[in-house]
Amino acid sequence: MTVHLEVAEGVGTIRLDRPPMNALDVATQDRLKELAEETTARDDVRAVVLYGGEKLFAAGADIKEMQAMDHAAMVVRSKALQDSFTAVARIPKPVVAAVTGYALGGGCELALCADYRIAGQNAKLGQPEILLGVIPGAGGTQRLSRLIGPSRAKDLIFTGRMVKADEALSLGLVDRVVPAEEVYAQAHAWAARLAQGPAIALRAAKESIDAGLETDIETGLAIERNWFAGLFATEDRERGMRSFVEDGPGKAKFR
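What comes next concerns the included structure. (Residues numbered from 1 in each chain as written. Predicted model: local features only at pLDDT ≥ 70, side-chain atom pairs only at ≥ 80, totals over all residues. Heavy atoms only, no water.)

## Considering the side chain of Thr 100
Keep this limit in mind: Strands here mean DSSP runs of E at least two residues long; helices mean DSSP runs of H or I at least four residues long; both are numbered from the N terminus. Burial classification: accessible surface area is computed with a 1.4 Å probe over protein chains only, and a residue below 20% of its type maximum counts as buried, one above 50% as exposed, and the rest as partly exposed. Under this definition, polar contacts are N or O atom pairs within 3.5 Å; protein pairs additionally need one hydrogen-donor-capable and one acceptor-capable atom, and for neighbouring residues in sequence, both atoms have to be side-chain atoms. Should any heavy atoms of two residues lie within 4.5 Å, those residues are considered in contact.
Mapped onto the secondary structure, Thr 100 falls in the loop between β4 (95–99) and β5 (102–104). For Thr 100, a relative accessible area of 1% translates into the label buried. Within the local environment of Thr 100, its side chain forms a polar contact with the backbone oxygen of Gly 53, the two atoms lying 2.6 Å apart. When neighbours within four sequence positions are excluded, Thr 100 is seen to be in contact with Gly 53, Glu 54, Lys 55, Leu 56, Phe 57, Asn 122, Ala 180 and Val 183.

Below you can see the structure in the form of structure tokens.
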């Protein structure tokens, strides 16, 4: 398998494993979708880390495989490609990308599917598809522009240039830069902390933010209101408020 799932302490690590560059071929894309759906369904997975290994995250699609496809083949495949990444983006649990080395093309698009991105000082990110005569096809034109704004996204997509970790941080493309050897440990710690939180409330927060961004403010507020009220039917809400009243803030233990 070119992608593996490892679970420990409530954290599921989706690990790309296709040396030497973690090229995202069709089989890898399909496997990503399978594991995204598995982590969604498993109760023992409460947060997720996307990881490509110590040397690099993913250098992009398998260009040799893609070169052999004609228009008709890509009309069919492009939907499956997007579906695999969308499955990752819709995991209803906190997801962090641990980015080392190259995260280019499909690799950058995969990182964009996470809720939070921790990058090593050796990271290089970008959407170089324009240099192949195409555009990002796994959500890059949409998720990147929503994350960093349309003009900055157009600069990266129009030029195809790579950005180093410090520039990626200034653009808002990544959220934290750490020494390369600390990337996975810090990503796992971020996920492990949230794995101890109230799972339904975290799901509510993620869905409210993501769905709200796709609509107008009034509809977004309705989404938030429905989730907010619904959480009053959960044991975690009762437990959290009781702990606050009896013991003070931040001491609740959630199941």
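Moving on from the coordinates now.
## Some details on the nonpolar core
Rules: Buried residues of nine kinds, namely Ala, Val, Leu, Ile, Met, Phe, Trp, Tyr and Cys, make up a nonpolar core once their side-chain atoms join them within 4.5 Å.
With 44 residues, the main nonpolar core has Ile 14, Leu 50, Phe 57, Leu 125 and Leu 173 as its most contacted residues. Ranked by residues supplied to this core, first place goes to helix α3 (residues 71–89) with five residues. Val 11, Ala 47, Tyr 51 and Trp 190 belong to the second largest nonpolar core, which has 15 residues in total.

## Quick notes on the pairing of strand β6 (residues 116–120)
Quick reminder of the rule: Two strands are said to pair when DSSP picks up at least two bridges between them.
Of all five residues in β6, five are buried; the element is thus mostly enclosed. Of the two faces of β6, both are covered, the one formed by Tyr 116, Ile 118 and Gly 120 as well as the one formed by Arg 117 and Ala 119. As paired elements, β6 and strand β9 (residues 176–178) share three bridges and run parallel to each other. The residue of β9 that forms the bridge with Gly 120 is Val 178.

## Things to note about the packing of aromatic side chains
Operational definition: In this analysis, rings of Phe, Tyr and Trp, with Trp reduced to its six-membered ring, are considered paired at centre separations within 6.5 Å, and the interplanar angle assigns stacked below 30 degrees, edge-to-face beyond 60, and tilted for intermediate values.
Inspection of every chain in the model, using the stated rule, returns three aromatic pairs. With a centroid separation of 4.7 Å and 35° between ring planes, the pair formed by Tyr 51 and Tyr 184 is classed as tilted. Residue Tyr 51 is located in strand β3 (residues 47–51), and its partner Tyr 184 is located in helix α8 (residues 183–195); the two are separated by 133 residues in the primary sequence. With a relative accessible area of 9%, Tyr 51 lands in the buried category. Residues Phe 228 and Phe 232 carry aromatic rings whose centres are separated by 5.5 Å and whose planes lie at 75° to one another, so their mutual orientation is edge-to-face. Overall, Phe 232 belongs to the partly exposed group, its relative accessible area being 39%.

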